[in-house]
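Geometric and topological summary
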Amino acid sequence: MKKSDPVTRLTPMEQALVATLNATSNRETVLKELKANLQTAIEIELATIPIYLNTYYSINRNTNSGEAIDNLQAFANKAGGIIMSVAVEEMLHMSLSANILFSMGVAPQIYRQAPKKYPTGLPYHQPQGPKGPNGETAVLIPLAKLTFEQLWHFLQIEYPEQWDAWPQDRNWQTIGQFYSYIRCLIHTRFLTDADFQRGPAAEAIQPYNYSPNNVDTVYPTGKFDPWKPAPGGGPAPAWSQADGYPSGAEIAQYPDRGDSHAGATELMTVASILDAACAIDTICDQGEGYPVPYLGPGDDDDPSKDEASHYVKFLTLQAQYAEYKGTTESLPAEPPPPDLQLPTIAKGALEAAGYVINFPKNPTAKGYPAKYKPIADFCSACFQYMLIMTETIYRVPPQSQKLFFNEGLHRSMIWVLDKYIRTIRQIPIDDKQFMGPVFEDFNLGGRKESFKALIKAGAEAIDAANKVIKTLKPDDPLVSVMNNVIYYVGVATPQPNNSASGKAHLPDVAPYWPAGS
């Protein structure tokens, strides 16, 4: 049985703010503030997801087979697993904030709430922060490939709250300060459990829809025999190489742990003040670290100390770059733990080895060659439709939610967006760079009509891919890439004369939304 974190006690600063609110505010104001801040929390978490995904997809994790993995490939695999593990938890945090808001009788707004352009500040974040590696202080996070500098921007997002920091819902320096303010609102004398029972818990996003790890979060620690069965799985095939390396299962690392949460489950529904407090604690602990009462967050985010906080995860990756020497940040342990004692990664080494793809910084569909714009647009259309499906979960009858989640969110994330991005990143946009995913504010219109708009965007992407194919020789590798673009559009949407089209496409949300919504 999974253990969970205890609920964090209010800090002295939080106790002081609660006392001030109790003395000077009122129920109507606190309810209004809490609902507004929970919607902001959704937008903060949502803002980080494209940032982490863009960097994740710049990493080429499959260049070498298991027994041929070198140190650079091992680092690329680890970086990919770690970044995706954080992205998965950010999706959890967005869902937790949305569940609290829904419990208060307010429909979470997610569609078209992601940043409109990059680089971006996080909602209500203080515009200036600690100096970065190039001396910059602006908190503006780009979409960019994996680099030492991009990891610094990740640290800007996940910087730990100081234990004596005053809770802030505006001009905050750390996400912890922002959630600390929400925690204080929840603990005022004006609220009761009934305030978190206005949206039925059975209609919220359910715990069974979350898994802390998937195939993209797992990474190997080094060389392994890809043909060797897992322990207890029987003998290796006769044709496999007897190289003495362990099986993939033996060295697989799962960066997200099952006890890094407060409350009964990682993804929880909310029906009380305690439930809301547990959900907020999970968000804070995973990002900043397991709380040490009256001292501050620790390096880990769970009681068993098996999982590092987001900040420490990113810092341990950044510390392996040659550029780390001389920076002001310090490792969580001195000397570095054994798993950090890898060869120093020289600047540009990952790109030179083919383990990081050269994406343009802050890509836009308009910034790509015109012939590729519809192909880039479909990436954004899928992203926005995924957000609509997330909103729709709250409208799906409870008995149908699991099926809708698997056919909608799971399919869109794993079988459409993931495969589509892996396809388009093979498209050269000049002699040095390749197409990176854009997560733009693509307008699918009203939610009721959004699936029709997604189909139209898919048709335009197919038309663009076919036009490119006509300009190529049959043996050009780009022909296969364009055919895959066409195929995955067909996986997402019903398209005429497309072999992938059929009943298995993404679900149409129209039945769940009224006209004009």
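Residues numbered from 1 in each chain as written. Predicted model: local features only at pLDDT ≥ 70, side-chain atom pairs only at ≥ 80, totals over all residues. Heavy atoms only, no water.

Once that is clear, we can look at the pattern of salt bridges. All chains considered together, the criterion is met by 21 salt bridges. The salt bridge partner of Arg183 is Glu14, with a shortest N-O separation of 2.6 Å. On the criterion of sequence distance, the pair formed by Arg183 in helix α5 (residues 175–186) and Glu14 in helix α1 (residues 12–24) is long-range, its members being 169 residues apart. Taken individually, Arg183 and Glu14 each receive the classification buried, so the pair is uniform in this respect. Each of the salt bridges in this network shares a partner with another, and the network as a whole consists of Asp216, Asp418, Lys419 and Arg422. (Salt bridge = Lys/Arg side-chain N within 4 Å of Asp/Glu carboxyl O. Helix = DSSP H or I, 4+ residues; strand = E, 2+ residues; numbered from the N terminus. Buried < 20%, exposed > 50% of the residue type's maximum accessible area, 1.4 Å probe, protein only.)

All right, on to the nonpolar core then. Of all hydrophobic cores here, the largest spans 148 residues; its most connected members are Leu146, Phe196, Phe314, Ile375 and Tyr420. If you tally residues by element for this core, the top one is helix α3 (residues 71–103), at 16 residues. (Core = buried A, V, L, I, M, F, W, Y, C linked by side-chain atoms within 4.5 Å.)

Take the UniProt feature "domain: Iminophenyl-pyruvate dimer synthase" (unreviewed entry) in the protein chain next. UniProt feature "domain: Iminophenyl-pyruvate dimer synthase" (unreviewed entry): in the numbering of this structure it lies at residues 38–197. For residues 38–197, the helix share is 48%, the strand share is 0%, and the end-to-end C-alpha distance is 16 Å. (UniProt positions renumbered as here; feature names shortened; annotations may be inferred.)

With that out of the way, let us pick up the environment of Asp243. Inspection of the secondary structure puts Asp243 in the loop between β1 (219–220) and α6 (248–251). Put simply, Asp243 and Lys228 are 15 residues apart on the chain and 9.9 Å apart in space, counted from C-alpha to C-alpha.

A few words on empty space enclosed by the protein. Per the counting criterion, the structure on display carries two cavities of 30 Å³ or more. Counted as a void, the largest cavity has a volume near 200 Å³. The wall of the largest cavity is formed by 16 residues, among which Glu161, Trp163, Arg183, Cys284 and Glu288 lie closest to the centre. A class-by-class count of the residues in the lining of the largest cavity yields five nonpolar, six polar and five charged. Here the second largest cavity is characterised by a volume of approximately 100 Å³. What lines the second largest cavity is a set of 13 residues, among which Glu158, Ile175, Ile283, Gly287 and Glu288 lie closest to the centre. Within the residue set of the lining of the second largest cavity, elements represented by two or more residues are α3, α4 (148–158), α5 and α7 (273–288). With four residues, α7 is the single largest residue contributor to the lining of the second largest cavity. Grouping the amino acids of the lining of the second largest cavity by side-chain chemistry returns six nonpolar, three polar and four charged. (1 Å grid on protein atoms, 1.4 Å probe; cavity = no way out; pocket = protein on both sides within 12 Å on 5 of 7 lines; lining within 4 Å. Points joined across faces, edges and corners; volume = space filled by probe spheres on them. Nonpolar A, V, L, I, M, F, W, Y, C, P; charged D, E, K, R; others polar.)

Attention now moves to the packing of helix α2 (residues 27–57) against α3. Between α2 and α3, whose axes approach to 9 Å, the crossing angle comes to 160 degrees. Compared by their axis directions, α2 and α3 come out roughly antiparallel. In this structure, α2 meets α3 at a crossing whose hand is left-handed. Here the contact of α2 with α3 is built from residues that sort into 17 nonpolar, six polar and three charged. (Axes fitted to C-alpha atoms, helices over the stretch in contact; angles between N-to-C directions. Parallel < 35°, antiparallel > 145°, perpendicular 65-115°, else oblique. Left-handed = near helix turned anticlockwise from the far one by under 90°.)

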